[in-house]
Amino acid sequence: MDDSLKLSLNQKQQQTLAPMQLQLVRMLEMNAPEIEEEVRKALDENPALEAENDEDTTADNMSSDGDDAFNESAEQMQLADYRTDDDIPSYRLESSNRSAGGDDIYEPVAVAGGESLIESLMSQLAENPAATPLDLDIARFLVGNIDNNGYMTRSVRSLVDDMAIQDGLEVSEDEVRRVWNMVRSLDPPGIGAVDLRDALLLQLKRRTQTPDVMLATDIIRDYFDLFSLMHFDRIRSLTGADKDRLKEAMETIRSLNPKPGAQISSTDDDRTHHISPDFLVEADGDILTLTLLNRIPRLQIEESFAAGTLPQSRRRSAETDAANAFIRQKRDEAATFIKVLETRQRTLFRVMSAIMQWQRDFFLSDDPLTLRPMILKDISAVTGDDLSVISRATAGKYVATGQGVYPLRFFFNERRKDDNDTSSQVILDRLRTIIEQEDKSHPLSDAAITEILHNEGFDIARRTVAKYRERLGLPVGRLRKQL
């Protein structure tokens, strides 16, 4: 076949994001601490970017602690979002120069723990006079394979093989089992168990062997399958225990910890959970005030970079051209960064303002039952922003109110029916109440709960009841059964 050249013309559509858009998307997803770090990093890396120090110009702008990179106030920006004066809500939106550390309400919520799980177990073993240096080496490998819940999910054979390959430790299975039993004797009780049944038995073994503990041990050891299904009648028949004794044994079992390792955090990331609010909403009567919280200084282009070139000179050289190119590049990068940061702040303030407008009753009362149905499309309709912008602007963000700190996702509630203004939060609260008030010896099934809700006027399917029950962290009816 003869070779030939062919020319063809194809037409296709392709959407690409400009670098500025990509930068905005990334910065929208950042929360308050992350954007503060991003600004600090930009100030360190770009000599054309600097923070203003003029205190006279840092008092009346949108964000906290001096981020006044806008030429108009936050209230002016908010009023500009409405088409006519009639669309402006009755409450006012203000900004103030508040610092995230200026009052208790702004303080981040932090939960800190002590040493890690590995450190705790190894320190206990180090105090055991019977533990040899080889035992400690084996134990260090073993505790490193215990998961965050305190379980050892690997077999002895695989542990022996990995010790030989990774650490060069030639040990027998019997030696590993012996050290493993040493680990299983440590605190917290139940550590090093292979499964839930084993963890409960290890904890019961450490208890004073009263009749209740002995019966609980028999139930977990011999009738664990029946216990997991809450078949109390069959357990009573097989153990010969009366109802009172069985009830006391079940109380003993419920006092055990199904995740013994969770008492001690296993990683540094788990030890500190840090939440910094991105917004503050304050209620004064019927007036709501919104503040965007962050410690971002007002940014500007450094004076020597503002012109974009070096002063004119008679002699032009390659070094001068390179210097001018560097100056222009850094000046443009600084200008882009300032513009993107301003857009990010305006967008967040606009989105949060719309959420506050939509959920006004909640912010005035802090009562979850006053939440209105709200989805991303509702906020998009108010702000004019794309759904993806709303999603990124609310993801990982928190708002502080007089009663606590809430994630922005908390305010999104699907509407059950197009003609029904009942939010899912109302149904969740009613579902929780129904289960709390049920007869614990005969818990309600999802179908029975669905019928109760139907009788109260909630048109909801059984599978939706199951989904909401799982969202509340409540088990199915047979697992809620009590004596």
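Heads up: the structure comes first, above all this text.
Keep in mind that what you see is a predicted model, and the values were worked out from it rather than measured. (Residues numbered from 1 in each chain as written. Predicted model: local features only at pLDDT ≥ 70, side-chain atom pairs only at ≥ 80, totals over all residues. Heavy atoms only, no water.)

Peer 1: Tell me about the packing of aromatic side chains, residues and numbers included.
Peer 2: Under the counting rule described, the total for this entry stands at ten aromatic pairs. On the basis of an interplanar angle of 70° and a centroid distance of 5.3 Å, the ring pair of Phe-362 and Phe-411 is categorised as edge-to-face. In this pair, Phe-362 sits in helix 16 (residues 360–365) while Phe-411 sits in the loop between strand 8 (405–407) and strand 9 (415–417), placing the two residues 49 residues apart along the sequence. The exposure class assigned to Phe-362 is buried, which follows from its relative accessible area of 0%. The exposure class of Phe-411 is buried, given its relative accessible area of 0%. The cationic tip of Arg-372 hangs over the ring face of Trp-358; the distance from NZ or CZ to the ring centre is 4.4 Å. (Phe/Tyr/Trp six-rings, centres within 6.5 Å; stacked < 30°, edge-to-face > 60°. Helix = DSSP H or I, 4+ residues; strand = E, 2+ residues; numbered from the N terminus. Buried < 20%, exposed > 50% of the residue type's maximum accessible area, 1.4 Å probe, protein only. Lys NZ or Arg CZ within 6 Å of the ring centre and 35° of its normal.)

Peer 1: Which residues make up the pairing of strand 4 (residues 279–284), and what values go with them?
Peer 2: The pairing of strand 4 with strand 5 (residues 287–292) spans six bridges and is antiparallel. In the sheet register, Asp-284 faces strand 5, and the bridge partner there is Ile-287. Where strand 4 folds back on strand 5, the antiparallel hairpin that results is connected by two residues, among which Gly-285 adopts a positive phi of roughly 70°. Relative to strand 7 (residues 398–400), strand 4 runs parallel, the two being bridged by two bridges. Paired with Leu-280 across the bridge in strand 7 is Ala-400. (Pairing = 2+ DSSP bridges.)

Peer 1: Which residues make up the pattern of salt bridges, and what values do they have?
Peer 2: Across all of its chains, the model carries 23 salt bridges by this definition. The salt bridge partner of Arg-430 is Glu-456, with a shortest N-O separation of 2.5 Å. With Arg-430 in helix 19 (residues 424–436) and Glu-456 in the loop between helix 20 (446–455) and helix 21 (462–471), the pair connects residues that are 26 residues apart, well separated along the chain. Using a relative accessible area of 37% as the deciding quantity, one classes Glu-456 as partly exposed. Linked by salt bridges that have partners in common, Arg-157, Asp-161, Glu-173, Asp-174 and Arg-177 make up one network. (Salt bridge = Lys/Arg side-chain N within 4 Å of Asp/Glu carboxyl O.)

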